[in-house]
Amino acid sequence: MQSYEFLLIIAVILLSTKVFGLISERVHMPQVVGALLAGVVLGPSVLGLVQETDFLLKTSEIGVIILMFMAGLDTDLEELKKTGVASFVIALIGVVVPLAAGTVLYLGFFPNAGDPLHLLKALFIGVVLTATSVSITVETLREMGKLKGKVGTAILGAAIIDDIMGIIVLTLVSGMTDPNVNPLSVIARIVAFFVLLVVVGLVMYRLFRAITREWSNHRRVAIYALSFCLIMAFVAEHYFGIADITGAYFAGLILCNLMEAREYINKKMNIVSYMIFSPIFFASIGIKTELHGMTANLLWFSLVLLVVAILTKIIGCGLGAKLMKFSWTDSLSIGLGMVSRGEVALIVAQKGAQAGLVDSHLFPPIVLMVIVTTLITPILLKLFMKDPEGPAPEIRHNHI
């Protein structure tokens, strides 16, 4: 007999993530923190009401694909052109430093016990640390009236390039999980995928531009866009062995210059994501987080991981900014603005778990790192970017 328990599970997840999200918002924390905590409370660590199932796994996968598609849609290529070389240098050093530090950190805490994937697991902790989520930074800079300034523009541009670099590194590392696979074949697959992206991008951009010229605000446009996203995610994973989120992200990137249609597609995707898929994804991360397995070694690892996560972005991105002739104050501000890992690190960790590169006992340290870096970023920005002329004019905020 078919079980309908999944309906109750969805209802419990949606209600709990919303309630915890609103509580988080009340204490000036991002709602994603509440959603994560809701998953921890519902999961085996606290109440044990919800277990990870195949249904939740697949639903959360759709959630992460839609989130990455929206990240691609939100990419402002014009902003990227403005900052150009400076953003690239900031992002490059801001990826290399955390990648190296995360790898060394893992190797120091967890010596090899005959695991053939040991080095790749170490690299993947570095990959998690390369992630940057600037949604909190953007809101903070907007509130301070500094979003459109030199620092704000550099942070936005570097964050876009950081995402692209991070996805490429993620693809490289996850593509080498099979020890029998030749690294050159992995690189060949990635090159072939990006060649396909260029061809598909040119064709689909022209096609969508023609479609949106006639029906820019019709529901069919959003349906076409979502179908394109899912097809690209499938092609990336199935035919090239590349993470499905990579295909989804670049599908969004291909459509990000459609202007009015982009806003309409984003609005519709946001509804789909917000109503069901994103809450399930963030709750599933919390459900995976097994607090009972925390040992003294893991607690130390969690603390050091957090310190490394903060310092590597400040040093890496700050050094990149200084090399591009920013002042010391602005360089520090740019580094601080890139500290927040947010949902991007969670997405990367999720893909690592599926590839067998992130063990379940490492989820608590990663979740702690994400929560603290997300909370501390606006505080540090407000401390180090004080406006001597007084506070910025009040700005209205849109709340979820």
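Structure report, in brief. (Residues numbered from 1 in each chain as written. Predicted model: local features only at pLDDT ≥ 70, side-chain atom pairs only at ≥ 80, totals over all residues. Heavy atoms only, no water.)

## Thoughts on the overall build of the chain
Within the chain one finds 15 helices and zero strands. For the chain, with 400 residues in total, the buried portion stands at 53%. Here the analysis covers contacts within the chain between residues at least 6 apart in sequence; of these, 81% occur between residues at least 24 apart. On the chain, roughly 18600 Å² of surface is accessible, and the fraction owed to carbon and sulfur atoms is 68%. (Helix = DSSP H or I, 4+ residues; strand = E, 2+ residues; numbered from the N terminus. Buried < 20%, exposed > 50% of the residue type's maximum accessible area, 1.4 Å probe, protein only. Contact = heavy atoms within 4.5 Å. Areas by Shrake-Rupley, 256 points an atom, 1.4 Å probe, with all protein chains shown as cover.)

## Considering the packing of helix α13 (residues 328–337) against helix α15 (residues 363–384)
The geometry of α13 relative to α15 is characterised by a closest axis approach of 9 Å and an angle of 165° between their N-to-C directions. Judged on the interaxial angle alone, α15 and α13 are roughly antiparallel. As for the relative orientation of α13 and α15, their crossing is left-handed in sense. Contacts between α13 and α15 involve Leu-332, Ser-333, Leu-336 and Gly-337 from the former and Thr-377, Leu-380, Leu-381 and Phe-384 from the latter. (Axes fitted to C-alpha atoms, helices over the stretch in contact; angles between N-to-C directions. Parallel < 35°, antiparallel > 145°, perpendicular 65-115°, else oblique. Left-handed = near helix turned anticlockwise from the far one by under 90°.)

## Some points on the pattern of salt bridges
Scanning the entire structure with this criterion turns up six salt bridges. In this structure, the salt-bridge partner of Glu-61 is Lys-351, at a minimum N-O distance of 2.8 Å. Of this pair, Glu-61 sits in helix α3 (residues 54–73) while Lys-351 sits in helix α14 (residues 342–354), placing them 290 residues apart in sequence. Across the pair, Lys-351 and Glu-61 agree in class, each one buried. Salt-bridge contacts for Asp-244 lead to Lys-351; the nearest nitrogen and oxygen are separated by 2.8 Å. Taken together, the residues Asp-244 in helix α10 (residues 244–255) and Lys-351 in helix α14 connect sequence positions 107 residues apart. (Salt bridge = Lys/Arg side-chain N within 4 Å of Asp/Glu carboxyl O.)

## Structural notes on the environment of Ala-355
Summarising the element assignment, Ala-355 is placed in the loop between α14 and α15. Residue Ala-355 is classed as partly exposed on the basis of its relative accessible area of 26%. Here the alpha-carbon distance between Ala-355 and Ala-243, two residues 112 residues apart in the chain, equals 9.3 Å. Discounting chain neighbours no more than four positions away, the residues touching Ala-355 are Ser-174 and Thr-177.

## Describing the packing of aromatic side chains
Per the stated rule, a full pass over the model turns up 12 aromatic pairs. Taking 6.0 Å as the distance between ring centres and 45° as the angle between the ring planes, the aromatic pair formed by Phe-208 and Phe-228 counts as tilted. You can see Phe-208 sitting in helix α8 (residues 183–215) and its partner Phe-228 sitting in helix α9 (residues 219–240), a full 20 residues away along the chain. Consider the rings of Phe-234 and Tyr-239, whose centres lie 5.9 Å apart with planes at 90°: the pair is edge-to-face. You can call Phe-234 partly exposed: its relative accessible area is 46%. One aromatic cluster in this structure is built from Phe-193, Phe-194, Phe-240, Tyr-249 and Phe-250. (Phe/Tyr/Trp six-rings, centres within 6.5 Å; stacked < 30°, edge-to-face > 60°.)

## Details of α3
Between the first and last C-alpha of α3 there are 29 Å, a value that for 20 residues agrees with the 28 Å anticipated at 1.5 Å per step. Counting buried positions along α3 gives 14 out of 20 residues, so the element sits mostly inside the fold. (Expected span 1.5 Å × (residues − 1).)

## A closer look at the nonpolar core
Judged by nonpolar contacts, the single largest core of 87 residues is most densely connected at Phe-69, Phe-228 and Leu-255. Element by element, the count of residues in this core is highest for α9, at 10 residues. Dropping the residues within four chain positions of it, Phe-228 is found in contact with Val-200, Met-204, Phe-208, Ala-251, Ile-254 and Leu-255. Membership of the second largest hydrophobic core comes to 25 residues, among which are Leu-141, Val-151, Ile-155 and Ala-159. (Core = buried A, V, L, I, M, F, W, Y, C linked by side-chain atoms within 4.5 Å.)

## Digging into the environment of Lys-146
Within the element layout of this structure, Lys-146 appears in the loop between α6 (135–144) and α7 (150–174). Under the relative-accessibility criterion, Lys-146 is labelled partly exposed at 23%. Here the alpha-carbon distance between Lys-146 and Met-385, two residues 239 residues apart in the chain, equals 9.2 Å.

## Topic: the side chain of Thr-373
Tracing the backbone shows Thr-373 in helix α15. A polar contact is formed between the side chain of Thr-373 and the backbone oxygen of Val-370, at a distance of 3.2 Å. Once you skip the residues sitting within four places of it in the chain, Thr-373 turns out to touch Leu-306, Ala-309, Ile-310, Val-339, Ser-340 and Arg-341. (Polar contact = N/O pair within 3.5 Å; in protein donor to acceptor, adjacent residues only side chain to side chain.)

## A short note on the side chain of Thr-59
Along the polypeptide, Thr-59 turns up in helix α3. If we skip the residues at most four places from it in the chain, Thr-59 touches Phe-277 and Ile-280.

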